[in-house]
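Listed here are the chains, written in short residue letters.
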Protein chains: 2
Amino acid sequence: MAKPKPTGDQTLIKKINTAIVLDSVMKEGPLSRAQISERTGLNKATVSSLVLDLMDAHLVDEIGQGVSNGGRKPVMLLFNAQAGHAIGIDLGVNYIRGVLTDLLGNVVEEREWTMKRPDMASGLKQLENCIQKLVELEPSSKYGIVGIGIGVPGIVDDKGAILFAPNLAWDRVELQRLIEERFGVPVTIDNEANAGAQGEQKYGAGRGIPHQIYVSVGIGIGTGIILNKDLYKGASGFSGELGHLSIQYDGKPCRCGNRGCWELYASENALVENAEELGLEGELDSLIAAAEANDSRAIELFRSIGEYLGVGIANIVNVFNPDVVIIGNRMSRASRWLECAVQESVDRRTLSYHRERMRILFAELQDRSAVRGAAYYAISTFLRKVRNVE
Amino acid sequence: MAKPKPTGDQTLIKKINTAIVLDSVMKEGPLSRAQISERTGLNKATVSSLVLDLMDAHLVDEIGQGVSNGGRKPVMLLFNAQAGHAIGIDLGVNYIRGVLTDLLGNVVEEREWTMKRPDMASGLKQLENCIQKLVELEPSSKYGIVGIGIGVPGIVDDKGAILFAPNLAWDRVELQRLIEERFGVPVTIDNEANAGAQGEQKYGAGRGIPHQIYVSVGIGIGTGIILNKDLYKGASGFSGELGHLSIQYDGKPCRCGNRGCWELYASENALVENAEELGLEGELDSLIAAAEANDSRAIELFRSIGEYLGVGIANIVNVFNPDVVIIGNRMSRASRWLECAVQESVDRRTLSYHRERMRILFAELQDRSAVRGAAYYAISTFLRKVRNVE
DNA sequence: TCACTTCGTTTAACGACTAAACAAACTTGA
DNA sequence: TCAAGTTTGTTTAGTCGTTAAACGAAGTGA
């Protein structure tokens, strides 16, 4: 690697245009060559040539004739979503959820397992078994399993090793390398919140929205930051520790070293603690049930958590000026009881300029944001490779 | 504009390569064609051809022969920094500072005026006069004044209009349009903190550092966020209102609607207020003088402000995981009295992963960060245009 | 049936890049 | 001083990807 070569050459332009053509077929369903040419601005001849390459790579198929617009019938082209499959895994603290998707991210198979034993050795073994199950479920296809994406509850470095996972007790595991060696396909590891953000950005509430902050409210609070449709990672690859944004400089001490961290006030943990102080059953689902049954203490409790959620979200809004903030993970189940309080709290605390455009949403994919996002990592890695090599 | 045309074509590659060549000449001083070819990986023939175009555009000059490396002497090429000049303006609350720079951003002339009357009509008139002065100072050159950049103390929209400038009382001024019409060159308006961030990124403490947060601590606190070497602007173009990050959710109410905003605790205003409560003279410079004279009350005051500065910076670090945080604007004059307290406070409050790489710096350009950055806006707009059209 | 569309391929040409050859200019050592 | 070897930058020939235009195939509609 004597030469990093950040050069601009000519095959680059073919890559760019191939990507443009593929994208338009993927996003706008069946299209004819003529339509692609018109939409992209590329010449008909160019489109024909690029489509030929894509058909050779089995990424695009002719699916027959379309209806005539007063002339020769067009030949419709469709993205071959079944040319391969991706595996997405959401590695939870006490569960493993997995999906098998096609290349468009549509779920083909879905499974969930409870994590039997939390220690690293058996956890890792179980994870491999789960992935193996999904691999066996794959209908045969041109490319087979194109990759595996895994969302984990902790901090991950740029080599796909888990650096720190407080609730999982898996320290310093080179997860990417291990899984890659075991299955022989590209593996991407990222933190659960980033995966969730990707999931919502591609398949959920944030589709097509450029600036979006995904707030994963579970036991703690994690966040995935999407700017200009791209996941933002900081200098060292671990940004977005918004759960440790301090909302009270002299507040409760947090194990992270800071004081008054947001997640101490607005996470599921905080909810449960407060509930127990009130003598309520300390379980998210039972609290939701209580609220449904009109228990005013439970309702008030959610209000208060919503209020604190809003405090942090207001900070996020002032910092990032995003298009949307998406609240996801377990706590989003209580959206009905949180929504108003969050919105009011944010409204009270943000500059009107920001407020005008910004919207607060709850995750559309519910507890599937992270698995879907994880699968997307695998898909996008594969497509990037196919486009650039072939 | 029926066609947005996000296409990938062939002239694009020439643009890319021209930019590569120009950049290497700009950054690595005098270079021969052969050297450029070697460094960029472009073919010698390609370099020759691109250099010819750049010489036609007067952006690059041959400055004579270099020393031989055992063969024919190379012809050295130099970026023609004097082909044009840029004007940068820092529009303060009670001053106007202006610079005239060459195309490398070197200051050729510098002037400062006090703002005579704060109202909009006379302020605008004075601003125009100041710019006119700088225009007249320009040594004649091929392109003349290539553009004007202005940093303003307020929120600016994407059309260069001042939306809100609490300390200036210039509401809803279409500054860009006005100045463009008056001087007939491209004008860029941005907020003072963004301009300062650019200045430090290009010419100051942040040179070449990808992820950098510039914290402008003056009367209030503003911030400029540079991610991947690019200024980040949010969905509506005004992000970075980190001054209104709440560090105490039930703290003092702020005029922005939020409570406990950072700038209420860590700005020059906060300093002055606290000083007055202590019976000290409420002026930044006199407080610095007092500290120099070993006045323990003043020293303790700076410590306390530094501590609060650190609280906000810790939040920033947890959110963005930047390479550096740069403290700029007026308060950076007191760096000696702030440094330790800030660093300690940040150390106590950030995750060790973040802390490892991150450094806290004070603005190298001191109170010139914003003017220099403003001039850079003009330069970069010009170069972008020249590269893409010619 | 005829005039007119529309689709997708073929053809010819262009523009940008590269490798290789080359001439000019220079160094070095005998 | 001269021959051999280097280095620089241009010239030449060729490649690759794109485009405009022409064209044949396939349809519509009156």
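Residues numbered from 1 in each chain as written. Chains lettered and ligands numbered in written order. Predicted model: local features only at pLDDT ≥ 70, side-chain atom pairs only at ≥ 80, totals over all residues. Heavy atoms only, no water.

Peer 1: Any chance you could explain the overall build of chain A here in plain terms?
Peer 2: A tally of regular secondary structure across chain A gives 13 helices and 15 strands. The C-alpha atoms of chain A give a radius of gyration of 23 Å, which matches the 21 Å a tight globule of 390 residues would have. Summarising its shape, the C-alpha atoms of chain A cover approximately 70 × 50 × 50 Å along the three principal directions. When the 390 residues of chain A are sorted by exposure, 57% land in the buried category. Pairs at least 24 apart in sequence give 60% of the contacts found in chain A among residues at least 6 apart. (Helix = DSSP H or I, 4+ residues; strand = E, 2+ residues; numbered from the N terminus. Rg over C-alpha atoms; globule rule 2.2 N^0.38 Å. Buried < 20%, exposed > 50% of the residue type's maximum accessible area, 1.4 Å probe, protein only. Contact = heavy atoms within 4.5 Å.)

Peer 1: Just checking my understanding: could you explain the relation of the copies chain B and chain A for this structure?
Peer 2: The relation between the two chain copies is a rotation about an axis coupled with a shift along that axis. Superposing chain B onto chain A takes a rotation of 180° plus a shift of 0.0 Å along the axis, which leaves an RMSD of 0.1 Å. Within this description, the copies of the chain are treated as partners about a two-fold rotation axis. The C-alpha atom lying nearest the rotation axis in chain B is that of Gln248(B); the distance is 2.0 Å. The residues that chain B uses at the interface reappear at the interface of chain A in 98% of cases, marking a shared surface. (Least-squares fit on C-alpha atoms with pLDDT ≥ 70 in both.)

Peer 1: Help me understand the packing of helix H9 (residues 284-292) of chain A against helix H10 (residues 296-320) of chain A, please; the structure alone is not making it clear to me.
Peer 2: Pairs of packed helices are described in terms of their axes, by the angle between the two and the distance that separates them. All names here are of chain A. Direction vectors running N to C along H9 and H10 enclose 115°, while the axes themselves pass 7 Å from each other. For the element pair H9 and H10, the recorded crossing hand is left-handed. Note on element contacts: H10 touches H9 through Ala298, Ile299, Leu301 and Phe302, opposite Leu284, Leu287, Ile288, Ala290 and Ala291. Within the contact of H9 with H10, the residues separate by chemical class into nine nonpolar, no polar and no charged. (Axes fitted to C-alpha atoms, helices over the stretch in contact; angles between N-to-C directions. Left-handed = near helix turned anticlockwise from the far one by under 90°. Nonpolar A, V, L, I, M, F, W, Y, C, P; charged D, E, K, R; others polar.)

Peer 1: Sorry, what's going on with the protein's contact with DNA strand D here?
Peer 2: Close to DNA strand D lie 24 residues, the nearest being Thr46(A), Lys44(B), Ser48(B), Arg72(B) and Val75(B). Each atom of DNA strand D within 4 Å of the protein was assigned to sugar, phosphate or base; sugar and phosphate come to 66%. Here Asn69(B) contributes a side-chain N or O atom positioned 3.4 Å from a phosphate oxygen of DNA strand D. Arg72(B) places a polar side-chain atom, nitrogen or oxygen, 2.6 Å from a base oxygen of DNA strand D. Residue assignment for the surface near DNA strand D shows that the elements contributing at least two residues are helix H1 (11-27) and helix H3 (44-56) of chain A together with helix H2 (33-40) and helix H3 (44-56) of chain B. (Near = heavy atom within 4 Å. Polar contact = N/O pair within 3.5 Å; in protein donor to acceptor, adjacent residues only side chain to side chain.)

Peer 1: Would you take a moment to explain the pattern of salt bridges for this structure?
Peer 2: Two side chains bearing opposite charge may form a pair once their charged atoms approach each other closely. All names here are of chain B. Applying the stated criterion across every chain, the model contains 47 salt bridges over all chains. A salt bridge links Asp23 to Lys27, with the shortest nitrogen-to-oxygen separation between them at 3.9 Å. Within this pair, Asp23 and its partner Lys27 are both found in helix H1 (residues 11-27), separated by four residues, close to a single helical turn. What makes Asp23 partly exposed here is its relative accessible area of 31%. When the shortest N-O distance is used, the salt bridge between Glu268 and Arg330 registers 2.7 Å. Of this pair, Glu268 sits in helix H8 (residues 268-277) while Arg330 sits in the loop between strand S14 (324-328) and helix H11 (335-349), placing them 62 residues apart in sequence. Given the relative accessible area of 8%, Glu268 is considered buried. (Salt bridge = Lys/Arg side-chain N within 4 Å of Asp/Glu carboxyl O.)

Peer 1: Please clarify how the nonpolar core should be interpreted in this entry.
Peer 2: The tendency in soluble globular proteins is for nonpolar side chains to be buried side by side. Core analysis: the largest hydrophobic core is formed by 92 residues, its most contacted members being Trp262(A), Phe302(A), Phe320(A), Trp262(B), Phe302(B) and Phe320(B). Aside from chain neighbours lying at most four places away, what touches Trp262(A) is Val215(A), Ile221(A), Leu242(A), Gly243(A), Leu245(A), Ile247(A), Tyr308(A), Leu309(A), Gly312(A), Ile313(A) and Ile316(A). (Core = buried A, V, L, I, M, F, W, Y, C linked by side-chain atoms within 4.5 Å.)

Peer 1: Would you take a moment to explain the protein's contact with DNA strand C for this structure?
Peer 2: As a structural note, the neighbourhood of DNA strand C is formed by 25 residues, with Lys44(A), Ser48(A), Arg72(A), Val75(A) and Thr46(B) the closest of them. Among the atoms of DNA strand C lying within 4 Å of the protein, the sugar-phosphate backbone contributes 69%. For DNA strand C, a phosphate oxygen lies 3.4 Å from a polar atom in the side chain of Gln65(B). Within the backbone of Arg72(B), an N or O atom sits 3.3 Å from a base nitrogen of DNA strand C. Split by residue class, the surface near DNA strand C holds six nonpolar, 13 polar and six charged.

Peer 1: Is there a simple way to think about the interface of chain B and chain A in this case?
Peer 2: Accessible area lost upon the coming together of the parts is a frequently used measure of interface size. Listed as interface residues are 59 residues of chain B and, on the opposing side, 61 residues of chain A. Where chain B packs against chain A, one counts zero salt bridges. At the junction of chain B with chain A, the criterion picks out 18 residue pairs in polar contact (both at pLDDT 80 or more). Those elements giving two or more residues to the side of chain B that touches chain A turn out to be H1, H2, strand S9 (162-164), strand S12 (221-227), helix H10 (296-320), H11 and helix H12 (352-357) of chain B. Counting residues per element, the side of chain B that touches chain A draws most heavily on H10(B), at six residues. Partitioning the side of chain B that touches chain A into residue classes produces 27 nonpolar, 22 polar and 10 charged.

Peer 1: For this particular structure, what's the right way to read unusual backbone geometry?
Peer 2: A negative phi angle characterises most non-glycine residues, just as the trans form characterises most peptide bonds. Residue and element names in this part refer to chain A. For Ala169, which is not glycine, the phi torsion reads 60° and is therefore positive. Tracing the chain through its elements places Ala169 in the loop between strand S9 (162-164) and helix H5 (175-183). Even without being a glycine, Asn329 presents a positive backbone phi close to 70°. Here Asn329 shows up in the loop between strand S14 (324-328) and helix H11 (335-349). Residue Asn329 is classed as buried on the basis of its relative accessible area of 16%.

Peer 1: What am I meant to see in the packing of aromatic side chains here?
Peer 2: Note on aromatic pairs: each is described by the distance of the centres and the angle between the planes. Counting across every chain of the model gives 13 aromatic pairs over all chains. Ring geometry for Tyr265(A) and Tyr249(B): centres 5.9 Å apart, planes at 65°, overall edge-to-face. Pair noted here: Tyr265(A) is in helix H7 (residues 263-266) and Tyr249(B) is in the loop between strand S13 (230-231) and helix H7 (263-266), and the two residues belong to different chains. Across the ring face of Tyr265(A), the terminal group of Lys252(A) is positioned such that the distance to the ring centre comes to 4.9 Å. (Phe/Tyr/Trp six-rings, centres within 6.5 Å; stacked < 30°, edge-to-face > 60°. Lys NZ or Arg CZ within 6 Å of the ring centre and 35° of its normal.)

Peer 1: Could you clarify how one ought to interpret the sheet that holds strand S3 (residues 75-79) of chain A in this entry?
Peer 2: Strand pairing in a sheet relies on backbone hydrogen bonds, with the paired strands running either antiparallel or parallel. All names here are of chain A. Here three strands make up an open sheet; going across it, the order is S1-S3-S2 and the pairing antiparallel. The open sheet has two edge strands, strand S1 (31-32) and strand S2 (60-65), and neither has a second partner. Note that S1 and S3 share two bridges and pair antiparallel. Pairing of Leu31 across the sheet is with Leu77, part of S3. The strands touched by H1 within the sheet are S1, S2 and S3, with S3 carrying the most contacts at an inclination of about 90°. (Pairing = 2+ DSSP bridges.)

Peer 1: I'm lost on the domain arrangement of chain A in this one. Help?
Peer 2: Under the domain assignment used here, chain A contains domain 1 (11-79), domain 2 (83-197 + 370-389) and domain 3 (206-364). Centre-to-centre separation of domain 1 of chain A and domain 3 of chain A, based on C-alpha positions: 43 Å. (Domains from an automatic or database assignment.)

Peer 1: Hey, could you run me through the sheet that holds strand S15 (residues 359-362) of chain B in this one?
Peer 2: Residue and element names in this part refer to chain B. As summarised here, the arrangement of the five strands in space is S13-S12-S11-S14-S15, forming an open sheet in which the pairing is mixed. Of all the strands in the sheet, just S13 and S15 have a single pairing partner and so form its edges. Pairing of strand S11 (residues 212-217) with S12 involves six bridges; the strand directions are antiparallel. Each bridged residue has a counterpart across the sheet, and for Ser216 the counterpart in S12 is Gly222. Along the sheet, H11 makes contact with S14 and S15, crossing S15 at roughly 165°.

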